[in-house]
Amino acid sequence: MTAPEGPLVIGVDSSTQSTKVLVVDAATGEVLARGQAPHTVSPGDRRESDPEEWWQALSTAVARCGKIAGEAAAVSVAGQQHGLVTLDADGRPVRPALLWNDVRSAPQRDRLLADLGGPQAWARRVGSVPAPAFTVTKWAWLRENEPEAARETAAVRLPHDFLTERLTGQAGTDRGDASGTGWWSSHTGSYDEEILSLAALDPALLPPVHRAGEAAGTVAKTDGGFLTPGTLVATGTGDNMAAALGLGLLPGQPVLSLGTSGTVYAVSDRSPADPSGTVAGFADAGSGWLPLACTLNCTLAVDRLAALLSRDREDVEAGGRVTALPFLDGERTPDLPYATGLLTGLQQATTGGQVLQAAYDGAVFALLRALDLVLGQAGDDASEAPLLLIGGGAKGVAWRETVRRLSGRAVQVPRAEELVALGAAAQAAGLLLGEDPAAVARRWKTADGPAYEPVERDEAALTRLSATLEGARTLLDMRH
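All residue numbers refer to positions counted from 1 along the written sequence of the respective chain. A pLDDT threshold of at least 70 governs which residues receive local features in this predicted model, and a stricter bar of 80 or more applies before side-chain atom pairs are shown or counted, although totals over entire chains, interfaces and linings include all residues. With hydrogens and water set aside, each side-chain value is computed from the structure's full complement of heavy atoms.

K.L.:
Before we move on, can you summarise the overall build of the protein with the specific residues and values?
P.N.:
Secondary structure follows DSSP: runs of H or I at least 4 residues long count as helices, runs of E at least 2 residues long count as strands, and numbering of each begins at the N terminus. Scanning the protein for helices and strands turns up 16 helices and 24 strands. Radius of gyration: C-alpha atoms only; globule rule: 2.2 Å multiplied by the number of residues to the exponent 0.38. Relative to its length of 480 residues, the protein is compact, with a C-alpha radius of gyration of 21 Å against a globular reference of 23 Å. When its C-alpha atoms are laid out on the principal axes, the protein stretches across 65 × 55 × 40 Å. Here the protein holds 480 residues, and the buried ones make up 60% of them. Buried means the residue's accessible area, taken with a 1.4 Å probe over protein chains only, is under 20% of the maximum for its type, while exposed means over 50%, and partly exposed covers the values in between.

This is how it looks when you write it as C-alpha cells:
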C-alpha cells in the first residue's frame, strides 16, 4: 500500500443487515482499509433491530480496519432511513428500533393521511405522501400499541442520529435524513408543528437539524477507544443521500439501486411534491433535493423465490407467459402495504427458470414505472444519460440484463463499491477540506465503470406486467 496523499477520513454505512466502515485517503479516494460487522433483524412481520447492536457493530467494524482507523481526522455516519429509535432519559433504547421495512403502521398511516387533509396536503407540506415506512407512522403505531414504551421515551432519533450522538455526546440530525420522517417540512426547512401535534409527538424529543457542511461535533471517549477522541464528526445523513454523494451526482443522472430495497432517484435543484405518493420528495445531504421512489421488495424477494425454486439466483430462462409480482413484504411503490406475492400465467411448459426470470421482471418493473415520475419531479432532461446501476444486485448478470431489457436504456455500473460508506467518507472529507462533498466524490471518479449499450425494450413483458398489476389491485390491497 502506497503512502496516503492526504488526510484520512472514515465513512460508515449502518444498513439494515450490517455496518460497513471504510478508511479513505481524502485526496485520492483510495480505500486503505475496510471492516464489517453484522446486524440482527427480527423475523416474521416485525422488522426490528437493537440499536445497541449497531453501536457494537460500529466498534467491531472500525477495529477490523486496524490501527490506521485511529489516524483518521474526520468521520461521518450514514444510516438506513426512516427507522424509529426511542431512547430513555439515560440515552438507552426503550425497545428495539422499528425499521423502515416494518409496515405494521399502515393503519396509522391511513389515519394520519386523512387527518392532515389527504395526499396533496402532505405533499405540499413535507414534499412526500408518507408511506408506512415513514417514521411518523411508526411513532403513531408505538403510541397506540405500546403506550408504556412511548411514555418512557425521552428522545426520538433516526438510526444515523443515534450513532452520531453516541460518538459526539451531542444530539443532531441532517435535512436529508430528517426529510424521510414525515415531520420535517420541505416547505419551511423545519419541523412541522401541526404534523407533530397530529402524531402526538413532543418536538422537544427531536434533535436539532444541522446545516450542510456543519460539524456534528467531535468524537468523545468511546467504548474501548475504537476512535480517537477529538476526531471531527460530520452531520451524517441517510443511506440514499450518502449514495448520491458517493456517486458525485449532477442533475439529470438517474440512479437505480438494487439492494434489500430497490430505489430510483436523481438529484435536483427543484423541491419535489408528488401527491400520488410514488415519488418521495427528500432533501439531499447538501442544499438540493433527491426525488426518489423506493420498493420494499428487491434482491431479498427475488432470492427468496430462487430458494423456493431451489435455483441459483442467476439460473434464469427466457420465454413463457408467467408473470410475477414479488411483493412478499407488502409494497411501497406501488402503494400496496397489505400485498403479498402474486404469480400468474403458469402453464404445463413453464420452467423454474422462467418463474425466476418473472420475479426479476416484476421487481424491476415496479422501479421502472416510477423512473419517469422521478425524473419528471426532478425537472431535468435525462433521456440521453445512462442509468447508473448500483447496489448488490448490480453485480448480477440477471439483474443487469433485466434492467436493460425492460428499460431500453444504456446502463453504467460504477466500479466503486460500498457507495453509501464512500458518500459518508466524501462528506467527512468535504467537512475537513472545506469542499463540496459531491465534488470530492467526482474528483475520486467513483461513478466510473463499464457501460452497456441499450437494447430493444421488451414491450410484451411490460404490457403483461401492467395488465396483471391493474387487474389484481383489489386482491393485492386486501388485508389478510
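From this point on, the discussion continues.
K.L.:
Lay out the packing of aromatic side chains with the relevant residues and their values.
P.N.:
Pairing of aromatic rings covers Phe, Tyr and Trp, the last through its six-membered ring, and needs centres within 6.5 Å; plane angles under 30 degrees mean stacked, over 60 mean edge-to-face, and all others mean tilted. Tallied over the full model, the rule gives four aromatic pairs. Pairing Trp-55 with Phe-226 gives two aromatic rings, centres 5.3 Å apart and planes at 65°, and the pair type is edge-to-face. Pair noted here: Trp-55 is in helix α1 (residues 51–63) and Phe-226 is in the loop between β13 (215–218) and β14 (232–234), with a separation of 171 residues, a long-range link. For the pair Tyr-360 and Trp-399, a centre-to-centre distance of 4.8 Å together with 70° between the ring planes defines the contact as edge-to-face. Taken as a pair, Tyr-360 in helix α11 (residues 352–378) and Trp-399 in helix α12 (residues 397–407) lie far apart in primary sequence, 39 residues in all. Like Tyr-360, the residue Trp-399 is buried in the burial classification.

K.L.:
Describe in detail the state of the cysteines, supporting the description with residues and values.
P.N.:
The disulfide definition used here is simple: a pair of cysteine sulfur atoms within 2.5 Å. Under the definition given, this model contains zero disulfides. Here Cys-298 stays free of any disulfide, with the sulfur of Cys-294 as its closest cysteine sulfur at 8.9 Å.

K.L.:
Explain the pairing of strand β17 (residues 262–265) to me, using residue names and the numbers behind them.
P.N.:
With burial as the criterion, each face of β17 is covered, one bearing Gly-262 and Val-264 and the other bearing Thr-263 and Tyr-265. Paired strands, as defined in this entry, are two strands with at least two bridges between them according to DSSP. Both strand β16 (residues 255–258) and β17 contribute to a ladder of four bridges, which runs antiparallel. Looking at the pairing, Leu-256 lines up with Val-264 of β17. The loop that links β16 with its antiparallel partner β17 comprises three residues. Examined bridge by bridge, β17 and strand β19 (residues 289–295) share four bridges and lie antiparallel to one another. Paired with Gly-262 across the two strands is Thr-295, which belongs to β19.

K.L.:
Can you tell me about the packing of helix α9 (residues 239–247) against helix α14 (residues 437–444), naming the residues and giving the values?
P.N.:
Where α9 contacts α14, the axes come no closer than 6 Å and their chain directions differ by 50°. On the basis of the axis angle, α9 is oblique to α14. Residues Leu-245, Gly-246 and Leu-247 of α9 pack against Pro-437, Ala-438 and Ala-441 of α14. Across the contact of α9 with α14, the residue classes tally to five nonpolar, one polar and no charged. The axes used here are C-alpha line fits, helices contributing only the stretch in contact, and every angle between their N-to-C directions lies in the interval 0 to 180 degrees. To sort the angles, those under 35 degrees are grouped as roughly parallel, those over 145 as roughly antiparallel, those from 65 to 115 as roughly perpendicular, and the leftovers as oblique. Residues count as neighbours in contact if any of their non-hydrogen atoms are within 4.5 Å of one another. Here the term charged refers only to Asp, Glu, Lys and Arg, the term nonpolar to Ala, Val, Leu, Ile, Met, Phe, Trp, Tyr, Cys and Pro, and the term polar to all other amino acids, Gly among them.

K.L.:
Talk me through unusual backbone geometry; I want residue IDs and the actual numbers.
P.N.:
Its identity is not glycine, yet Glu-418 carries a phi of approximately 55°, on the positive side. Topologically, Glu-418 is positioned in the loop between β23 (411–412) and α13 (419–433). Of the residues examined, Glu-418 reaches a relative accessible area of 21% and is grouped as partly exposed. At Lys-445, a residue that is not glycine, the phi angle is positive and equals roughly 60°.

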